[in-house]
There are 2 protein chains.
Amino acid sequence: MEKPVTVAVDVMGGDAAPQVVLEGLELALAADKDLSVILTGQADYVEPFAAAHVGRAIAVATSEVIGMEEHPAEAVRQKKDSSIVVGCRLVKEERAGGFFSAGSTGACMAAATLYIGRIKGITRPAIASILPSPVCPVILTDIGANADAKPEYLLQFAQMAAVYARHVMKVEQPRIGLLNIGEEETKGSLLAQEAYQLLKEQAPGFCGNAEGTDILQGRFDVVVTDGFTGNVALKTIEGTAAVLFDQLKLVLTASLPRKLAAGVIMPGLKELKKSLSADEVGGAPLLGLKGSCIIGHGSSNARAVANGIAVTAQCIRERLPELISETVAIETGR
Amino acid sequence: MEKPVTVAVDVMGGDAAPQVVLEGLELALAADKDLSVILTGQADYVEPFAAAHVGRAIAVATSEVIGMEEHPAEAVRQKKDSSIVVGCRLVKEERAGGFFSAGSTGACMAAATLYIGRIKGITRPAIASILPSPVCPVILTDIGANADAKPEYLLQFAQMAAVYARHVMKVEQPRIGLLNIGEEETKGSLLAQEAYQLLKEQAPGFCGNAEGTDILQGRFDVVVTDGFTGNVALKTIEGTAAVLFDQLKLVLTASLPRKLAAGVIMPGLKELKKSLSADEVGGAPLLGLKGSCIIGHGSSNARAVANGIAVTAQCIRERLPELISETVAIETGR
């Protein structure tokens, strides 16, 4: 038997919400008998689900929704009865141990920072992406919360991501790389040069600079950078893969013989696409908050939502925020 | 008949130098009857070539070589008789109109800045990469000369790249994008936000922010950023493509039926790989110098070297430095 946990789930978040989120909730509850959920969202959606899952699900009806295109901080300030804000408040009030949403990452980060709050000693929370590399999964952080960063932030991002890698992804000794433009420690921007020195001194597992070519190669478990560079790198990976798969499709459909040949290799290609899919990794953890928050991709399917909820439950069971707090306090000597 | 031009060529640069460079020189001379070359490099290599191409090729024997791993500025200071330094001095002395090397990009930039010099009014020269996107080629700049940049640098990078796109790549109205982490003009780092305003006011053809997903999509002809982000994005594209092609190979060789099917689609895959190959685009132009310098990829084959020399000749014929000087002076109102 696992430790019982409660996860707050935003039923309104994601391109195919609420349908896909409700399906994901079904899967998550079926897979984990010690999981309870609190649903935030429109009454029509959350109440029937709770009624059908008495003892496992509670409905908290909300009247507002924050769209993907809204300004995160403003939307969070104005829409106090939105599914995202109410979800975060449930964590603050300790009715839930963590929060999952496939909605706006920016709004979730803003609401979580405002309502759940930062861990003491953490200067800036960060967003991490678990890259589904075919070699081994890689945590890239920050991917957008801190467009302008300082060396000390990068040190903490690395320390937090290493805790996540160790306790949630079960990587015994996470190898940390600093995203940079050369191998030598004197390379890069002033930020990268200063961060290198801090990481070398204070981040166990630091293995030096990681270049853009290294991100998906499996040489590092954690790749740390500022939120601007991380966001560009993440989206560049997505864009490159999308262009290549599009071009591959053109190659495979250019003639009848090729179409026939494509039929033979299609199962393998589908597997490859799946191995690169964010659906399998559960979403992007927000690191540095007093509760466990995971943000799913907007295009999440039911399986991705279920994975995201399961990872949130795992973070709660592992006491991720407490572990981050202890580790950062020890490593930075505070 | 084309205008006669002389290109200085570093015979020692590149992983397969000097053989591949000499073969590339043959191809380039055969393709362009109005091209002359000056070869810099070890006497054994450059002198026989010049003797075999009297009237088209001159040998300038040099005693030193700058390796790919050397510190660029130091190596340029110390190795005054290296093929790179001497090549740049030939441009400074106006014996050659431009310089091509497949050697160290950093050393070429350092030598070119020191010996050829910046165009008056250009604060910082930049390195551009012509990305061989399957949709349409894209200029990404800066890709590493300026790890720490200011908004004014980014404006000039964009202006210079637009001149290159217009006159060398024959794009009538280059669409310029600012690499950023969102579409709205208020997004991004302070650098990106300030650069946005400058580009909006002073760069004709500016179309707004380009995200990482947009780089290869063909929506922009020029994507401008600082040298740190640009280098990370460029190497991330390379790394993602390499991982995907490796994985694809595994898929295609996993069983005998798949191997047979792979035979049918292989010509298409090879074409796709070629369309993504840097060999076809001629190399990375250094922008903002008083001469035309193109740096080939270290892994250049003879065809890539020939293309690089041809593009250098084209830049000289188009008077690229003069056009950059005029355009930047007009657009920034200096």
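Above this text you will find the structure in question.
Quick summary incoming for the structure in this document. Being a predicted model, the structure only gives us computed values, none of them experimental.

### Remarks on the interface of chain B and chain A
Working step 1: Contacts between chain B and chain A engage 49 residues on the former and 49 residues on the latter.
Working step 2: When chain B packs against chain A, close to 4200 Å² is buried across both sides, 74% of that on carbon and sulfur atoms.
Working step 3: At the surface where chain B touches chain A, the tally comes to 2 salt bridges.
Working step 4: A salt bridge links Lys 235 of chain A to Glu 211 of chain B; its shortest N-O distance comes to 2.3 Å.
Working step 5: Across the contact surface, chain B and chain A share 8 residue pairs in polar contact (both at pLDDT 80 or more).
Working step 6: Within the residue set of the side of chain B that touches chain A, elements represented by two or more residues are helix H7 (190-202), helix H8 (227-252) and helix H9 (256-275) of chain B.
Working step 7: Looking at the side of chain B that touches chain A, the element that brings in the most residues is H8 of chain B, giving 20 residues.

### Description of the packing of helix H4 (residues 83-92) of chain B against helix H5 (residues 105-116) of chain B
Each pair of packed helices can be described by the angle between their axes along with the distance between the axes.
Residues and elements named next belong to chain B.
Working step 1: Direction vectors running N to C along H4 and H5 enclose 35°, while the axes themselves pass 9 Å from each other. Where H4 crosses over H5, the handedness of that crossing is right-handed. Within the contact between the two elements, H4 uses Ile 84, Val 85, Cys 88, Arg 89, Val 91 and Lys 92 and H5 uses Ala 107, Cys 108, Ala 111, Ala 112, Tyr 115 and Ile 116.
Working step 2: Along the lines of polarity and charge, the residues of the contact of H4 with H5 split into 10 nonpolar, no polar and 2 charged.

### Overview of the pattern of salt bridges
Pairs can form between side chains of opposite charge once their charged atoms are near each other.
Working step 1: Under the defined criterion, the tally for this structure stands at 18 salt bridges over all chains.
Working step 2: The salt bridge involving Lys 79 of chain B is made with Glu 70 of chain B; its shortest N-O contact spans 2.7 Å.
Working step 3: With a relative accessible area of 27%, Glu 70 of chain B lands in the partly exposed category.
Working step 4: Bridged by salt links that share partners, the residues Glu 2, Asp 32 and Arg 317 of chain A form one connected network.

### Concerning the packing of helix H6 (residues 151-167) of chain B against H7 of chain B
Residues and elements named next belong to chain B.
Working step 1: In contact at an axis separation of 8 Å, H6 and H7 are set at 45° when each is read in the N-to-C sense. Comparing their axes, H7 and H6 come out oblique. The hand of the H6/H7 crossing is right-handed. Counted together, Pro 151, Glu 152, Leu 154, Leu 155, Ala 158 and Gln 159 of H6 and Leu 191, Glu 194, Ala 195, Leu 198, Leu 199 and Gln 202 of H7 form the full contact between these two elements.

### Looking at the relation of the copies chain B and chain A
Working step 1: When chain B is fitted to chain A, the residual RMSD is 0.1 Å, and the transformation amounts to a turn of 180° plus an axial shift of 0.0 Å. What the superposition gives is, in effect, a two-fold axis relating one chain to the other. Relative to the rotation axis, the closest C-alpha in chain B is found at Ala 261 of chain B, a distance of 2.2 Å.
Working step 2: Interface residue correspondence from chain B to chain A reaches 100%, placing this contact among same-surface, isologous pairings.

### Notes on the packing of aromatic side chains
Working step 1: A full pass over the atoms with the stated rule returns 4 aromatic pairs over all chains.
Working step 2: For the pair Tyr 153 of chain B and Phe 157 of chain B, a centre-to-centre distance of 6.5 Å together with 45° between the ring planes defines the contact as tilted. Remark: Phe 157 of chain B and Tyr 153 of chain B occur in helix H6; sequence separation between them is 4 residues, near one turn of the helix.
Working step 3: Its end group placed over the ring of Phe 245 of chain A, Lys 273 of chain A keeps NZ or CZ at 5.1 Å from the ring centre.

### Brief notes about the pairing of strand E5 (residues 126-131) of chain B
All names here are of chain B.
Working step 1: Of all the 6 residues making up E5, 6 are buried; the element is thus mostly covered by neighbouring parts of the structure.
Working step 2: Burial of E5 is two-sided: the residues Ala 126, Ala 128 and Ile 130 facing one way and the residues Ile 127, Ser 129 and Leu 131 facing the other way are all buried.
Working step 3: Pairing of E5 with strand E10 (residues 284-287), which is carried by 2 bridges, proceeds in the antiparallel orientation. Bridge pairing in E10 places Ala 126 opposite Leu 287.

### Quick word on a positive patch on the surface
Working step 1: A contiguous patch of positive charge, built from Arg 77, Lys 80, Arg 89, Lys 92 and Lys 290 of chain A, is present on the exposed surface.
Working step 2: Positionally, Lys 290 of chain A belongs in the loop between strand E10 (284-287) and strand E11 (292-295).

### Considerations on helix H10 (residues 302-317) of chain A
All names here are of chain A.
Working step 1: With 16 residues, H10 extends 23 Å from end C-alpha to end C-alpha; this agrees with the ideal 22 Å at 1.5 Å per step.
Working step 2: Counting buried positions over the 16 residues of H10 gives 12, a clear majority of the element.
Working step 3: All buried positions along H10 are accounted for by Ala 302, Ala 304, Val 305, Ala 306, Gly 308, Ile 309, Val 311, Thr 312, Ala 313, Cys 315, Ile 316 and Arg 317.
Working step 4: For H10, the N-terminal cap is Asn 301; the gap from its side-chain oxygen to the backbone nitrogen of Arg 303 is 3.2 Å.
Working step 5: Downstream of H10 by a residue or two, Arg 319 has a phi angle that is positive, lying close to 60°.

### Re the sheet that holds strand E9 (residues 222-224) of chain B
Residue and element names in this part refer to chain B.
Working step 1: As summarised here, the arrangement of the 11 strands in space is E3-E2-E1-E4-E11-E10-E5-E6-E9-E7-E8, forming an open sheet in which the pairing is mixed. Among the strands making up the open sheet, the edge pair consists of strand E3 (57-61) and strand E8 (206-210). Between one strand axis and the next, the sheet turns by 25° as a mean value, whatever way the strands run.
Working step 2: Two strands pair when backbone bridges link them, and E10 and strand E11 (residues 292-295) are joined in this way by 3 bridges, in the antiparallel orientation.

### Brief notes about the sheet that holds strand E6 (residues 138-141) of chain A
Residues and elements named next belong to chain A.
Working step 1: Pairing is mixed across the open sheet formed by 11 strands, whose spatial order is E3-E2-E1-E4-E11-E10-E5-E6-E9-E7-E8. Of all strands in the sheet, those with a lone pairing partner are strand E3 (57-61) and strand E8 (206-210), marking the two edges. Along the sheet, successive strands turn relative to each other by an average axial angle of 25°, direction set aside.
Working step 2: In the sheet, strand E2 (residues 35-41) pairs with E3 via 5 bridges, with the strands oriented parallel. Bridging from a neighbouring strand, Thr 40 pairs with Val 60 of E3.
Working step 3: Contacts from helix H7 (residues 190-202) reach strand E7 (176-179), E8 and strand E9 (222-224) within the one sheet, and its direction differs from that of E8 by about 165°.
Working step 4: Relative to strand E1 (residues 5-10), H10 is tilted by about 140°, and along the sheet it contacts E1, E2, strand E4 (98-101) and E11.

### Considering the pairing of E1 of chain A
Residues and elements named next belong to chain A.
Working step 1: Among the 6 residues that make up E1, 5 are buried, leaving the element largely enclosed by the rest of the structure.
Working step 2: Taken together, the 6 bridges between E1 and E2 define a ladder with parallel strand orientation. Within the sheet, the bridge partner assigned to Val 7 lies in E2 and is Val 37.
Working step 3: Taken together, E1, helix H1 (residues 19-31) and E2 constitute a β-α-β crossover, and its handedness is right-handed.
Working step 4: As paired elements, E1 and E4 share 3 bridges and run parallel to each other. Across the sheet, Ala 8 pairs through a bridge with Phe 99, a residue of E4.

### So, the environment of Val 224 of chain B
Residue and element names in this part refer to chain B.
Working step 1: When you line up the elements, Val 224 lands in strand E9.
Working step 2: In this structure Val 224 comes out as buried when scored by relative accessible area, which is 0%.
Working step 3: Val 224 sits 70 residues away from Leu 154 along the chain, and the two C-alpha atoms are 6.6 Å apart.
Working step 4: Beyond its immediate sequence surroundings of up to four residues, Val 224 is in contact with Thr 141, Leu 154, Phe 157, Ala 158, Ile 176, Gly 177, Leu 178, Leu 179 and Leu 199.

Calculation rules
- Residues numbered from 1 in each chain as written.
- Chains lettered and ligands numbered in written order.
- Predicted model: local features only at pLDDT ≥ 70, side-chain atom pairs only at ≥ 80, totals over all residues.
- Heavy atoms only, no water.
- Contact = heavy atoms within 4.5 Å.
- Buried area = accessible area lost by both parts, 1.4 Å probe.
- Salt bridge = Lys/Arg side-chain N within 4 Å of Asp/Glu carboxyl O.
- Polar contact = N/O pair within 3.5 Å; in protein donor to acceptor, adjacent residues only side chain to side chain.
- Helix = DSSP H or I, 4+ residues; strand = E, 2+ residues; numbered from the N terminus.
- Axes fitted to C-alpha atoms, helices over the stretch in contact; angles between N-to-C directions.
- Left-handed = near helix turned anticlockwise from the far one by under 90°.
- Nonpolar A, V, L, I, M, F, W, Y, C, P; charged D, E, K, R; others polar.
- Buried < 20%, exposed > 50% of the residue type's maximum accessible area, 1.4 Å probe, protein only.
- Parallel < 35°, antiparallel > 145°, perpendicular 65-115°, else oblique.
- Least-squares fit on C-alpha atoms with pLDDT ≥ 70 in both.
- Phe/Tyr/Trp six-rings, centres within 6.5 Å; stacked < 30°, edge-to-face > 60°.
- Lys NZ or Arg CZ within 6 Å of the ring centre and 35° of its normal.
- Pairing = 2+ DSSP bridges.
- Patch = residues over 30% accessible without salt bridge, like charges linked within 9 Å, V, L, I, M, F, W, Y side chains within 5 Å.
- Areas by Shrake-Rupley, 256 points an atom, 1.4 Å probe, with all protein chains shown as cover.
- Lys, Arg positive; Asp, Glu negative; His and termini not counted.
- Charge placed at Lys NZ, Arg CZ, Asp CG, Glu CD.
- Expected span 1.5 Å × (residues − 1).
- Right-handed = clockwise from strand over helix to strand, strands pointing away.

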